[in-house]
Amino acid sequence: MGPFVVFIIILVILALFIVANIKVVAQSKAYVIERLGKYSVTWETGLHVKIPFIERIAKTVSLKEQVVDFAPQAVITKDNVTMKIDTVVFFQITDPKLYCYGVEAPLAAIENLTATTLRNIIGELELDATLTSRDTINTKIRSILDEATDPWGIKVNRVELKNILPPKEIQDSMEKQMKAERERREAILRAEGEKQSRILEAEGFKESKILEAEAEKQSAILRADAVREQKIREAEGEAQAILKIKQAEADGIRMINEANPSEAVVKIKSLEAFEAAANGNATKIIIPSEIQGLAGLAEGIVETAKK
């Protein structure tokens, strides 16, 4: 093996060695770098070169939000009820250096801190308040954890009480209470339904009576209108008849006046009228003096005709 080959081998080894110390930090990652055992720098996203034998990557840190589900913790309420509560914590690393050097085993530290905080808060609440105040408990725990973990480079974004498990006898009592409450609500709903049904029936009966009264009213109005119209027509007919009679009488008088009858004709017409009156049912007839003289004249004429 000649010197040239050895040189080539050395160059290849050197190139591989350099390439091995070139690091690319991915998005949402951070590298904590130590130089000779002491913190040196934090590499963020991009291309970086590590000095061999002098620098080393102490820790790779994820900057994404992380979720950790802690096991159920036994807690005691203010009214001495023991229950188990498990929590879910959402956190994010904001300072890789503090996270790396601030506390040993950060997740274990968060879990212990969460359990301690939960016991303190639940110890001030009674059972009913614990079961109905989840949002308040979550807010208090998050605030305390966020303040306590700030020196560790950790920000607690959210804390949720996943499950609250009271003792078995209390669970049975709660189930009975909820069942009784459901039955009470069902009874109320049924009563409301019956009430509404009766109201609707009454409204329907009322509406029916109103419609019947309205129909009767309209019928009475129509009957009254018909009677009034009939009377009006009868009155108009009688008026027309009277008008025609009077008109005929007037026409007769006018015709008599226009004809200018002689005195003899008038007297003869008077006798005809008297004859018609005498043929009636009247028991007394008063004869005017003019007609008496006219009767004597007629009798004379008849005697003369016989001779």
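To keep things clear, this report deals only with the structure shown in the data block. These numbers were taken from a predicted model, which means no experiment stands behind them.

Rules behind the numbers
Residues numbered from 1 in each chain as written. Predicted model: local features only at pLDDT ≥ 70, side-chain atom pairs only at ≥ 80, totals over all residues. Heavy atoms only, no water. Helix = DSSP H or I, 4+ residues; strand = E, 2+ residues; numbered from the N terminus. Areas by Shrake-Rupley, 256 points an atom, 1.4 Å probe, with all protein chains shown as cover. 1 Å grid on protein atoms, 1.4 Å probe; cavity = no way out; pocket = protein on both sides within 12 Å on 5 of 7 lines; lining within 4 Å. Points joined across faces, edges and corners; volume = space filled by probe spheres on them. Nonpolar A, V, L, I, M, F, W, Y, C, P; charged D, E, K, R; others polar. Expected span 1.5 Å × (residues − 1). Contact = heavy atoms within 4.5 Å. Core = buried A, V, L, I, M, F, W, Y, C linked by side-chain atoms within 4.5 Å. Buried < 20%, exposed > 50% of the residue type's maximum accessible area, 1.4 Å probe, protein only. Arc of directions from axis to C-beta. Salt bridge = Lys/Arg side-chain N within 4 Å of Asp/Glu carboxyl O. Phe/Tyr/Trp six-rings, centres within 6.5 Å; stacked < 30°, edge-to-face > 60°. Lys NZ or Arg CZ within 6 Å of the ring centre and 35° of its normal. Pairing = 2+ DSSP bridges.

1. Things to note about the overall build of the chain
Within the chain, the secondary structure is distributed over 8 helices and 9 strands. Summed over all atoms, the accessible surface of the chain reaches about 22,300 Å², with 58% contributed by carbon and sulfur.

2. Some thoughts on the layout of surface pockets
By volume, the largest pocket amounts to about 200 Å³. If you go around the largest pocket, the residues you meet are Leu127, Asp128, Leu131, Thr132, Ile170, Ser173, Met174, Gln177, Met178 and Glu181. If you list the elements that add at least two residues to the lining of the largest pocket, you get helix H4 (127–132) and helix H6 (168–259). For the lining of the largest pocket, the residue count by class is 5 nonpolar, 3 polar and 2 charged.

3. Quick notes on helix H3 (residues 106–122)
Here H3 is 17 residues long and its end C-alpha atoms lie 24 Å apart, about the 24 Å a rise of 1.5 Å per residue gives. Looking at the buried side of H3, the elements it contacts are strand E7 (73–76), strand E8 (82–93), helix H2 (96–101), H4, helix H5 (134–149) and strand E9 (154–165).

4. Details of the nonpolar core
If you look at the biggest cluster of nonpolar residues, it comprises 30 residues, and the most contacted ones within it are Ile85, Val89, Leu118, Ile137, Ile141 and Leu161. Taken together, the elements giving at least two residues each to this core come down to E8, H3, H5 and E9.

5. Describing H5
If you check H5, its first and last C-alpha atoms are 22 Å apart, about what 16 residues at 1.5 Å a residue would give, namely 22 Å. Residues of H5 that are buried: Ile137, Asn138, Ile141, Leu145, Asp146 and Thr149. Down the axis of H5, the buried set is contained in an arc of 155 degrees. They therefore lie on one face. Looking at H5, the residues exposed on the side facing more than 90 degrees away from the buried face are Asp135, Thr139 and Glu147. Turning to H5, the residues buried within the fold contact E8, H3, H4 and E9.

6. A short note on the pattern of salt bridges
Counted by the stated rule, this structure contains 12 salt bridges. With a shortest N-O distance of 3.9 Å, Lys155 and Asp146 are connected by a salt bridge. Note that Glu216 is salt-bridged to Arg223, the shortest N-O span being 3.5 Å. Since its relative accessible area comes to 45%, Arg223 is described here as partly exposed. What you see here is one network of salt bridges that share partners, running through Arg142, Asp146 and Lys155.

7. A word on the environment of Leu161
Among the secondary structure elements, Leu161 is positioned in strand E9. Taking the relative accessible area as the measure of exposure, Leu161 reaches 4% and is therefore buried. Separated by 72 residues in sequence, Leu161 and Val89 place their C-alpha atoms 9.0 Å apart. Once you skip the residues sitting within four places of it in the chain, Leu161 turns out to touch Ile85, Asp86, Thr87, Leu118, Arg134, Ile137, Asn138 and Ile141.

8. Side note on the packing of aromatic side chains
As enumerated under the stated definition, the model contains 1 aromatic pair in all. One Lys or Arg, Arg158, reaches over the ring of Phe90 and ends 4.0 Å from the middle of that ring.

9. A word on the pairing of strand E2 (residues 29–35)
Of all the 7 residues making up E2, 5 are buried; the element is thus mostly covered by neighbouring parts of the structure. Pairing of E2 with strand E3 (residues 38–43) involves 5 bridges; the strand directions are antiparallel. Pairing of Ile33 across the sheet is with Val41, part of E3. From the end of E2 to the start of E3, which pair antiparallel, there are 2 residues, and Leu36 there has a positive phi angle of about 55 degrees.

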